[in-house]
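Take a look at the letters that make up each chain.
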Amino acid sequence: MGAYIDDRLASLEAYVPGEQPRDREYIKLNANESPFPPSPGVLRAVSAAAGGLNMYPDAACRELKAAIAARYGVQSANVMVEDGSDNILNLCFMGFCAHGVAYPAVSYGFYSVFSALYGLDALEIPMGPGLTVEPERWLNLGRAVVIANPNAQTGIALPVPDIERIVAANPDRLVVVDEAYVDFEAESALPLVSRYKNLLVVRTYSKSRSLAGARLGFAIGDEGLIADLERLKYSVNPYSVNSLSLAAGAAALSEDGYYMEKCAIIAEEREKLHAGLKEMGFKCTPSMANFVLAEPPEGAEAERLFLALRARGILVRYFGGGALSRCLRITIGSPEQNAALLAALPGAIEEVGRR
Ligand code: PMP
């Protein structure tokens with residue numbers, strides 16, 4: 001640490017992203033990226049947009065917003081886009097949580113980082129049995145609410161009527177439903193947006209639309225809510241979304257069949273991987289996302305297994321201590337990658353058990 005940072009930030013613990021090592025080729029199942037490349041039209045659109053890089057991008061993101069609005073049956077005024085959904089979440093914590101914020105005790109790690117960054121009164125609501133979100137605990141909180149659905153790290157999805165209960169029971173505060181993982185056959189809360197002015201549904205292009213490297217996220221909500229978010233965005237970085245990502249985002253939606261087909265493959269692979277892991281003695285949460293949370297069988301410590309897989313060229317996510325210390329989070333890869341993982345596991349488990 002240097003000498004000049006503000007005192008209030010001196011002990012800030014930053015978010016730790018999944019590692020992106022460069023020392024060798026890995027089967028990368030640690031960051032919930034898509035194993036599939038962007039669709040051909042996206043590659044063409046990015047290449048065509050590259051010639052205009054001498055100009056600033058369209059800060060209003062008009063074409064992309066129109067494409068998102070058309071895809072999801074809303075108006076452009078209901079849509080905002082940012083360079084990654086992380087940045088939309090950032091604006092939510094920055095501008096809507098003065099009365100405090102609640103999020104699940106086990107969820108996306110950035111929620112607690114943003115809370116600390118803005119000095120918020122953060123309530124981490126304990127999980128129910130099996131790491132579930134129990135709606136009864138989320139009513140009349142008097143503070144903003146942020147829920148990932150399906151939830152991060154567990155993949156468990158709350159049914160939309162439960163989400164509606166939470167949104168309706170916190171009418172004076174913003175309720176963010178972070179749907180980063182919704183496209184892998186879970187149900188979206190988007191149909192509720194027209195009925196609840198306090199609901200913001202946040203989405204990302206990073207998982208289901210193979211564009212993690214483009215950094216693109218969007219949110220859908222009431223016009224007033226979106227206007228406030230835009231005001232915050234224009235107070236931080238109006239040009240946050242670059243021209244190449246704007247082009248990629250619109251082109252991806254014009255080939256949405258490609259992506260939805262890939263999502264169906266991932267959902268099918270998830271069930272296969274889940275079954276394979278169970279057969280080896282892992283305990284997995286019932287995930288609806290593009291990953292599974294798996295507790296290795298007795299005798300195979302999670303951290304050691306993580307290292308044994310790493311040594312075999314397979315990267316999964318180990319979160320260290322805390323509630324998930326006994327678990328590994330495994331991104332669903334391509335059918336070949338998942339097969340390679342299942343083939344490598346018995347040897348890795350055996351090695352870990354021997355030590
Ligand atoms: N929300 C959740 C629940 C996530 O897991 C992630 C990805 N780490 C994000 C948001 C951020 O996604 P993006 O790449 O759009 O910033």
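Predicted, not measured: the structure shown is a model, and the values here were computed from it. (Residues numbered from 1 in each chain as written. Predicted model: local features only at pLDDT ≥ 70, side-chain atom pairs only at ≥ 80, totals over all residues. Heavy atoms only, no water.)

(A) Region of the structure containing the pairing of strand β2 (residues 79-82). Going residue by residue along β2, you find Val79 and Val81 tucked away on one face and Met80 and Glu82 tucked away on the opposite face as well. Here four bridges tie β2 to strand β8 (residues 217-221), and the two strands are oriented antiparallel to one another. Bridge pairing in β8 places valine 81 opposite phenylalanine 218. (Buried < 20%, exposed > 50% of the residue type's maximum accessible area, 1.4 Å probe, protein only. Helix = DSSP H or I, 4+ residues; strand = E, 2+ residues; numbered from the N terminus. Pairing = 2+ DSSP bridges.)

(B) Focus on the packing of helix α2 (residues 62-72) against helix α7 (residues 243-254). Interhelical geometry of α2 versus α7 gives an angle of 25° and a closest axis separation of 9 Å. It follows from the interaxial angle that α2 and α7 lie roughly parallel. As α2 packs across α7, the resulting crossing turns out to be left-handed. Every residue of α7 that contacts α2 at Leu64, Ala67, Ile68 and Arg71 is listed here: Leu246, Gly249, Ala250 and Leu253. Looking at the contact of α2 with α7, its residues break down into six nonpolar, one polar and one charged. (Axes fitted to C-alpha atoms, helices over the stretch in contact; angles between N-to-C directions. Parallel < 35°, antiparallel > 145°, perpendicular 65-115°, else oblique. Left-handed = near helix turned anticlockwise from the far one by under 90°. Contact = heavy atoms within 4.5 Å. Nonpolar A, V, L, I, M, F, W, Y, C, P; charged D, E, K, R; others polar.)

(C) Region of interest: the UniProt feature "domain: Aminotransferase class I/classII large" (unreviewed entry) in the protein. As annotated by UniProt and renumbered to match this structure, "domain: Aminotransferase class I/classII large" (unreviewed entry) occupies residues 25-345. The annotated region residues 25-345 carries 38% helix and 15% strand content, and the separation between its end C-alpha atoms amounts to 18 Å. (UniProt positions renumbered as here; feature names shortened; annotations may be inferred.)

(D) Broad picture of the sheet that holds strand β3 (residues 101-104). Taken in spatial order, the seven strands of this open sheet run β2-β8-β7-β6-β5-β3-β4, and their pairing is mixed. Since the sheet does not close on itself, it has two edges, and those belong to β2 and β4 (122-125), each with one partner. Taken pair by pair, the neighbouring strands of this sheet meet at an average axis angle of 20°, ignoring direction. Here strand β5 (residues 144-148) runs beside strand β6 (residues 175-178); their pairing, made up of four bridges, is parallel. Each bridged residue has a counterpart across the sheet, and for valine 145 the counterpart in β6 is valine 175. Its contacts with the sheet put helix α5 (residues 160-168) on β5, β6 and β7 (199-204), and the angle it makes with β6 is roughly 155°. Together, β2, β7 and β8 form the strand contacts of helix α6 (residues 223-236), whose direction differs from that of β2 by roughly 25°.

(E) Fine view of the site of the ligand. Around the ligand, the structure places Gly84, Ser85, Asp86, Tyr108, Ala152, Asp178, Ala180, Tyr181, Thr204, Ser206, Lys207 and Arg215. Tyrosine 108 places a polar side-chain atom, nitrogen or oxygen, 3.3 Å from a nitrogen atom of the ligand. Within the complex, 92% of the 400 Å² of free accessible area of the ligand lies under protein. The class makeup of the residues in the shell around the ligand is four nonpolar, four polar and four charged. (Near = heavy atom within 4 Å. Polar contact = N/O pair within 3.5 Å; in protein donor to acceptor, adjacent residues only side chain to side chain. Areas by Shrake-Rupley, 256 points an atom, 1.4 Å probe, with all protein chains shown as cover.)

(F) Inspection of the UniProt feature "modified residue: N6-(pyridoxal phosphate)lysine" (unreviewed entry) in the protein at higher detail. As recorded in UniProt, the sites labelled "modified residue: N6-(pyridoxal phosphate)lysine" (unreviewed entry) are Lys207. Tracing the chain through its elements places lysine 207 in the loop between β7 and β8. The residues touching lysine 207, leaving out its near neighbours within four places in the chain, are Ala31, Asn32, Ser34, Ala180, Tyr181, Phe184 and Asn290.

(G) Just the side chain of serine 115, in detail. By secondary structure assignment, the location of serine 115 is in helix α4 (residues 110-117). Side-chain polar atoms of serine 115 contact the backbone oxygen of tyrosine 111, separated by 2.9 Å. The contact partners of serine 115, leaving out residues within four places of it in the chain, are Phe93, Val101, Tyr103, Leu120 and Ala122.

(H) Inspection of helix α10 (residues 335-354) at higher detail. Its 20 residues give α10 an end-to-end C-alpha distance of 30 Å, which sits within 8% of 28 Å, the value for a rise of 1.5 Å per residue. When the local axis directions of α10 are compared, the greatest deviation, roughly 35°, occurs at leucine 345, which is followed within four positions by the proline proline 346. Of the surrounding elements, those touching the buried residues of α10 are α8 (256-279), α9 (302-311), β11 (314-315) and β12 (328-331). (Expected span 1.5 Å × (residues − 1). Bend = angle between axes of the 7 residues up to and from the residue.)

(I) Looking closely at the packing of aromatic side chains. Using the criterion set out here, one finds 14 aromatic pairs in the structure. Ring geometry for tyrosine 15 and tyrosine 108: centres 5.6 Å apart, planes at 75°, overall edge-to-face. Remark: tyrosine 108 occurs in the loop between β3 and α4 and tyrosine 15 occurs in the segment before β1 (27-28); sequence separation between them is 93 residues. Taking 4.5 Å as the distance between ring centres and 15° as the angle between the ring planes, the aromatic pair formed by tyrosine 15 and phenylalanine 110 counts as stacked. With a gap of 95 residues between them, tyrosine 15 in the segment before β1 and phenylalanine 110 in helix α4 connect regions that are remote in the sequence. Given the relative accessible area of 25%, tyrosine 15 is considered partly exposed. Positioned above the aromatic ring of tyrosine 26, the side-chain terminus of arginine 24 is 5.3 Å from the ring centre. Here arginine 329 stacks its cationic end above the ring of phenylalanine 291, 5.7 Å away from the centre of that ring. (Phe/Tyr/Trp six-rings, centres within 6.5 Å; stacked < 30°, edge-to-face > 60°. Lys NZ or Arg CZ within 6 Å of the ring centre and 35° of its normal.)

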